[in-house]
Amino acid sequence: MEFAPICVYLVISLLLSLILIGVSFLFASSSNSAYPEKLSAYECGFDPFDDARSRFDIRFYLVSILFIIFDLEVTFSFPWAVSLNKIGLFGFWSMIVFLLILTIGFLYEWKKGALDWE
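Residues numbered from 1 in each chain as written. Predicted model: local features only at pLDDT ≥ 70, side-chain atom pairs only at ≥ 80, totals over all residues. Heavy atoms only, no water.

**Considerations on the overall build of the protein chain**
Then comes step 1: A count of helices and strands for the protein chain gives 4 helices and 0 strands.
Then comes step 2: In the protein chain, the order of α-helices and β-strands from amino to carboxyl end is α-α-α-α.
Then comes step 3: Counting across all 118 residues of the protein chain, residues that qualify as buried make up 5%.
Then comes step 4: As presented, the protein chain carries roughly 11000 Å² of accessible surface, and 72% of it is formed by carbon and sulfur atoms. (Helix = DSSP H or I, 4+ residues; strand = E, 2+ residues; numbered from the N terminus. Buried < 20%, exposed > 50% of the residue type's maximum accessible area, 1.4 Å probe, protein only. Areas by Shrake-Rupley, 256 points an atom, 1.4 Å probe, with all protein chains shown as cover.)

Now the structure itself:
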């Protein structure tokens, strides 16, 4: 019974989302297909010079994944640092193991040359 307000909130959120999506489909104009200019890519008033779906180098994805991983590390480090006096030695060593695993993974990526841009 203690989770009833959360369930009510989730049901209301789901219903409101479905209603809003349904209303947008109801009032959506289907005349956009009559104007091919509206469906074309816009590039400063000119016709597109190249395909908008060009291939990216895989290293950009690698850098973004590494950013997300180390961003999560910082996200986990702040609450750990605030509650360090309450969690004791087990919490301290758990975080050290977590940081050690991240450091080993980073060194592995670096050693394999995944971060080289040559």
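**Description of the packing of aromatic side chains**
Geometrically, a pair of aromatic rings is defined through the distance of the ring centres and the angle of the planes.
Then comes step 1: Going through the model one piece at a time under the given rule, you end up with 5 aromatic pairs.
Then comes step 2: Note on Phe-106 and Trp-110: the rings are 5.9 Å apart at their centroids and 50 degrees apart in plane angle, and the pair reads as tilted. Residue Phe-106 and its partner Trp-110 are located together in helix 4 (residues 84–112), separated by 4 residues, close to a single helical turn.
Then comes step 3: According to the relative accessible area criterion, Phe-106 is partly exposed, its value standing at 29%.
Then comes step 4: Residue Trp-110 is classed as exposed on the basis of its relative accessible area, which comes to 52%.
Then comes step 5: In textbook terms, an aromatic cluster arises when at least three aromatic residues are bridged by ring pairs, as seen for Phe-70, Phe-106 and Trp-110. (Phe/Tyr/Trp six-rings, centres within 6.5 Å; stacked < 30°, edge-to-face > 60°.)

**Quick word on the packing of helix 3 (residues 58–82) against helix 4**
Then comes step 1: Running from N to C, helix 3 and helix 4 cross one another at 165 degrees; their axes reach a closest spacing of 10 Å. Judged by the angle between their axes, helix 3 and helix 4 are roughly antiparallel. Of the two possible hands of crossing, helix 3 and helix 4 adopt the one that is left-handed. Of the residues in helix 4, those in contact with Leu-62, Ile-69, Phe-70, Glu-73, Phe-76, Ser-77, Trp-80, Ala-81 and Val-82 of helix 3 are Leu-84, Asn-85, Ile-87, Gly-91, Phe-92, Met-95, Phe-98, Leu-99, Leu-102, Phe-106 and Glu-109. (Axes fitted to C-alpha atoms, helices over the stretch in contact; angles between N-to-C directions. Parallel < 35°, antiparallel > 145°, perpendicular 65-115°, else oblique. Left-handed = near helix turned anticlockwise from the far one by under 90°. Contact = heavy atoms within 4.5 Å.)

**Describing helix 3**
Then comes step 1: Over its 25 residues, helix 3 extends 37 Å from the first C-alpha to the last, a length consistent with the 36 Å expected when each residue adds 1.5 Å.
Then comes step 2: Taken as a whole, helix 3 has its buried residues at Leu-66, Glu-73 and Trp-80. (Expected span 1.5 Å × (residues − 1).)

**Looking at a nonpolar patch on the surface**
Then comes step 1: On the surface, a cluster of nonpolar side chains totalling about 630 Å² of accessible area is made up of Val-11, Leu-15, Ile-19, Val-23, Leu-26 and Phe-27.
Then comes step 2: Structurally, Leu-15 can be placed in helix 1 (residues 4–27). (Patch = residues over 30% accessible without salt bridge, like charges linked within 9 Å, V, L, I, M, F, W, Y side chains within 5 Å. Salt bridge = Lys/Arg side-chain N within 4 Å of Asp/Glu carboxyl O.)

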